[in-house]
Amino acid sequence: MTDTTSQAGTGHAPRTVDPDPDFAAQAVAQAALYEEADTDRLGFWARQARELLTWDTDFTQTLDWSGAPFAKWFVGGRLNVAVNCVDRHVEAGDGDRVALHFEGEPGDTRTITYAELAADVRRAANALAALGVQAGDRVAIYLPMIPEAVVAMLACARLGAPHSVVFGGFSADALRSRIEDAEAKVVITCDGSYRRGKPTTLKPAVDAALAKGAPSVTNVLVVRRNGEAVDWTEGRDVWWHDAVGAAGEEHEAQAFDAEHPLYILYTSGTTGKPKGILHTSGGYLAQAAYTTKNVFDLRPERDVYWCTADVGWVTGHSYVVYGPLALGVTQVVYEGTPDTPDKDRWWSLVEKYGVTVLYTAPTAIRTCMKWGEEYPGRHDLSSLRVLGSVGEPINPEAWAWYRRVIGADRTPVVDTWWQTETGAMMISPLPGVTTLKPGSAQVPLPGVAAEVVDDAGEPLGHGQAGYLVLTEPWPSMLRGLWGDPQRYVDTYWSRFPGRYFAGDGAKRDEDGDIWLLGRVDDVMNVSGHRLSTAEIESALVSHPTVAEAAVVGATDETTGQAVVAFVILRGGAQEGPDTVRELREHVGQEIGPIAKPRSIMVVAELPKTRSGKIMRRLLRDVAENRATGDVTTLTDASVMDTIRAGMTRSE
Ligand code: 6R9
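Residues numbered from 1 in each chain as written. Predicted model: local features only at pLDDT ≥ 70, side-chain atom pairs only at ≥ 80, totals over all residues. Heavy atoms only, no water.

As for the sheet that holds strand 25 (residues 514–519)
Strand pairing in a sheet relies on backbone hydrogen bonds. The paired strands run either parallel or antiparallel. Threshold: For two strands to pair, DSSP has to find at least two bridges joining them. Strands here are runs of E lasting at least two residues and helices are runs of H or I lasting at least four, both read from the DSSP assignment and numbered beginning at the N terminus. Lines fitted to C-alpha atoms define the axes, with helix axes restricted to the stretch in contact, and inter-axis angles between N-to-C directions lie between 0 and 180 degrees.
A sheet is described by the order of its strands in space; here four strands give the open sequence 21-22-24-25, paired in antiparallel fashion. One side of each edge strand has no neighbouring strand; the edge strands of this open sheet are strand 21 (450–453) and strand 25. The mean inter-strand angle of the sheet, taken between neighbouring strand axes irrespective of direction, is 45°.

Some thoughts on helix 5 (residues 114–130)
To be explicit about the condition: Working rule for helices: expected span equals 1.5 Å times residues minus one. Only protein chains enter the calculation, and the probe is 1.4 Å; a residue is then buried if its accessible area is under 20% of its type maximum, exposed if over 50%, and partly exposed in between.
Its 17 residues place the ends of helix 5 24 Å apart at the C-alpha level, agreeing with the 24 Å of an ideal helix rising 1.5 Å per residue. Of the residues making up helix 5, those classed as buried are Y114, L117, A118, A119, V121, R122, A124, A125, N126, A127 and L128. Looking one or two residues beyond helix 5, the residue adopting positive phi is G132, at roughly 95°.

Observations regarding the sheet that holds strand 5 (residues 109–113)
Ordered in space as 5-4-17-16-18-19-20, the seven strands form an open sheet in which the pairing is mixed. At either end of the open sheet lies a strand with only one pairing partner, and these are strand 5 and strand 20 (413–415). Each adjacent strand pair in this sheet contributes to an overall mean axis angle of 20°, direction not counted. By the bridge criterion, five bridges tie strand 4 (residues 98–103) to strand 5 in an arrangement that is antiparallel.

Focus on the UniProt feature "modified residue: N6-acetyllysine" (unreviewed entry) in the protein chain
Let me state the cut-off plainly: UniProt positions are given in the numbering used here, feature names are shortened, and annotations may be inferred rather than shown by experiment. In what follows, a contact means two residues having at least one pair of non-hydrogen atoms within 4.5 Å. Under the rule applied, a polar contact is a pair of N or O atoms within 3.5 Å (in protein, one hydrogen donor and one hydrogen acceptor; residues adjacent in sequence only if both atoms are side-chain atoms).
In the numbering used here, UniProt assigns the "modified residue: N6-acetyllysine" (unreviewed entry) feature to K613. Relative to the helices and strands, K613 is located in the loop between strand 30 (599–602) and helix 19 (616–623). Taking relative accessible area as the criterion, K613 reaches 42% and is therefore assigned partly exposed. Other than its neighbours up to four places away in sequence, K613 contacts G391, P607 and K608. For K613, the side chain forms a polar contact with the main-chain oxygen of G391, separated by 3.2 Å.

Things to note about the packing of helix 13 (residues 362–371) against helix 15 (residues 396–406)
Stated precisely, the cut-off is as follows: Relative orientations are named as follows: roughly parallel for angles under 35 degrees, roughly antiparallel for angles over 145 degrees, roughly perpendicular for angles from 65 to 115 degrees, and oblique for any other angle. Side-chain classes follow a simple rule in which Ala, Val, Leu, Ile, Met, Phe, Trp, Tyr, Cys and Pro form the nonpolar group, Asp, Glu, Lys and Arg form the charged group, and the remainder, Gly included, forms the polar group.
The interhelical angle for the contact between helix 13 and helix 15, taken along N-to-C directions, is 70°, at an axis separation of 10 Å. By the angle class used here, helix 13 and helix 15 are roughly perpendicular. Between helix 13 and helix 15, the contacting residues are I365, R366, C368 and M369 on the first element and E397, A398, W401 and Y402 on the second. Tallied by class, the residues present in the contact of helix 13 with helix 15 amount to six nonpolar, no polar and two charged.

Some details on the site of the ligand
Keep this limit in mind: Proximity is defined per residue: if any heavy atom of the residue lies within 4 Å of a molecule or strand, that residue is considered near it. All accessibility values rest on the Shrake-Rupley procedure with a 1.4 Å probe; residue burial counts only the protein chains present in the view.
Around the ligand, 16 residues are found, and the nearest of them are D415, T416, T420, D504 and R519. Contacts to the ligand include T416, whose backbone N or O atom sits 2.8 Å from a nitrogen atom. Relative to its unbound accessible area of 530 Å², the ligand is 89% covered by the protein chains. Grouping the amino acids of the shell around the ligand by side-chain chemistry returns six nonpolar, five polar and five charged.

What about the side chain of D310?
For clarity, the cut-off: Charge convention: Lys and Arg are scored as positive, Asp and Glu as negative, and His as well as the terminal groups of each chain are ignored. By definition here, a salt bridge exists when the distance from a side-chain nitrogen of Lys or Arg to a carboxyl oxygen of Asp or Glu is within 4 Å.
Topologically, D310 is positioned in the loop between strand 16 (304–307) and helix 11 (314–327). We note that D310 is buried and unpaired, the nearest opposite charge coming from R195 at a distance of 6.0 Å.

A few points about the confidence of the model for the protein chain
Put simply, the rule is: pLDDT measures the predictor's confidence residue by residue and takes values from 0 up to 100.
Averaged over every residue, the pLDDT of the protein chain is 92; residues scoring 70 or more account for 95%. Per-element confidence in the protein chain is highest for strand 3 (residues 78–79), whose mean pLDDT is 99, and lowest for helix 20 (residues 638–650), whose mean pLDDT is 67. Here the predicted complex carries an ipTM of 1.00, next to a pTM of 0.86.

Some thoughts on the pairing of strand 29 (residues 560–569)
Most of strand 29 sits out of view: eight of its 10 residues are buried. Relative to strand 29, strand 28 (residues 546–556) is paired through 10 bridges, and the arrangement is antiparallel. Its bridge partner being in strand 29, A549 is matched across the sheet by V567. Between the end of strand 28 and the start of strand 29, which pair antiparallel, lie three residues. Bridge analysis of strand 29 against strand 30 gives four bridges, and the strand direction is parallel.

Here it is, written out as structure tokens:
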């Protein structure tokens with residue numbers, strides 16, 4: 001395999017950033033973790049599980065891999081996940097510590113302590129039990145970012161009833177298919193929420209979903225959030241404030257097996273039927289807690305943490321609910337959009353709550369870059385200590401901006417690679433320990449084993465692009481796909497037998513650091529040369545006029561594939577007669593002439609899924625002059641029309 005790529009987009013970004021000695025001296029994570037895990041990987045995980053979690057019954061075996069690729073972690077252990085996330089902190093005397101600083105989009109706030117959260121979860125568990133929910137029953141949750149979303153998830157966990165959270169932005173059809181696949185007994189939703197200053201509704205989508213199917217559902221539990229009028233089905237619909245309000249605060253939590261299912265989460269899936277990723281209890285919680293603590297350098301008595309993800313995505317599961325709450329930290333939960341009422345809302349929240357650790361996505365960072373430094377500049381962000389990134393490769397330019405403008409050129413930036421399937425972070429630097437390298441997720445975390453291999457599964461040398469595989473099982477790994485064990489084996493364990501195929505391209509650099517190159521379907525082959533969409537995007541974004549870029553490989557008669565780029569210019573920048581030529585030259589300089597896009601289109605917006613991922617499949621349709629495929633998972637389907645209209649004009 002030839003690799004013609006180089007480290008693109010390093011523009012103003014430093015190549016490496018050493019740990020700050022003062023930070024390092026006090027860091028939660030220590031280099032010794034790597035040695036310990038290398039010497040005795042299972043012993044290392046057993047220690048994490050015992051130290052970070054409270055078990056009702058200790059486990060007798062760390063890993064049973066005899067049924068590979070179906071793993072059993074912490075065999076024989078029993079615990080209650082919700083008790084681990086709330087009750088035990090209250091018992092330890094930390095009941096008065098704030099668990100959630102909730103801020104609604106209109107500016108309403110609620111401060112919920114661990115003691116209050118524990119009482120809410122117990123009441124909600126009683127209310128669900130009164131509706132007939134028992135261990136093993138599935139509960140669908142279709143809620144915005146309000147405290148009840150957290151309470152609902154934990155109440156399910158407390159009862160051993162796996163939840164299936166469906167992102168509040170999904171349509172009635174998407175919701176119905178997910179409820180049907182999981183055969184959920186109860187749906188928890190609300191009247192509506194607020195977005196961009198306007199009330200929205202959620203209950204009508206649930207009504208529509210249930211009108212069309214989902215016969216397993218016996219009750220709908222409805223939170224009152226914004227007072228929008230709702231239709232009511234007597235006998236089926238129940239107000240949360242009635243049921244939970246009337247429920248008692250006493251609830252005896254049962255301990256469940258470490259492998260008891262905790263949740264199902266459907267991946268948005270760029271093609272085909274969504275996959276119901278199944279996670280279980282002990283291993284998942286252990287790795288969520290371990291990574292939250294070490295990667296974010298968290299001390300519950302000191303930090304105020306904020307992860308901007310919605311609970312509808314895996315990041316919201318592991319890094320809003322389970323990881324931070326298992327540790328007992330204080331966090332911010334924000335309901336709305338970053339530009340309501342103005343583009344400085346996030347930074348006003350950081351200042352107001354004294355946020356110390358912020359975890360967000362590159363797409364959000366690039367949006368803030370596009371808006372300009374003036375917005376973060378309005379606020380005192382000096383409380384920030386650690387910045388995190390997740391969701392896609394972060395180009396060095398955005399990394400450098402994040403650290404400089406948000407982190408005052410002082411905070412470590414941790415680029416964390418993982419997936420819905422992995423349940424928790426897998427590849428990431430450790431702040432205070434690792435010398436950081438903008439653009440690279442760098443090294444497998446202690447206890448995690450990863451390799452970059454070629455088509456035949458042979459490990460590749462430095463600089464060669466191939467496929468990322470995980471070579472050892474890990475505690476928070478998916479335990480399968482709901483109702484489809486064979487698809488689990490086929491999708492993840494058949495491409496390279498005995499190893500987990502992540503579906504991502506990667507390469508190691510001369511230091512052995514791992515660079516993620518995008519999904520393998522995003523890796524292009526131009527004249528027999530392997531080129532990464534991510535690297536060309538990174539090169540484009542390193543140009544001062546470019547805010548955001550998406551690159552696709554379009555079929556080309558001569559070269560097999562050709563590079564086609566779509567770019568959004570930075571606020572203020574105008575498309576001039578030379579813009580396209582200049583950008584082509586720039587990519588040529590950053591990566592090499594082979595990477596120069598065949599065509600570059602300046603657009604106002606890019607098609608994105610609701611989780612913020614660019615839908616390159618749709619751009620490929622445009623680049624190859626085809627009718628656009630399925631657009632149902634786009635945030636805004638009209639984006640494609642605008643792009644096509646622009647395309648015709650520029651031809
Ligand atoms: C957590 C999450 C998983 C896919 C993954 C990869 C991409 C996530 C990344 C990253 C490069 C990072 N991805 N983090 N690529 N660097 N730090 O996003 O889960 O929604 O399942 O997406 O996202 O392509 O395979 P999920």
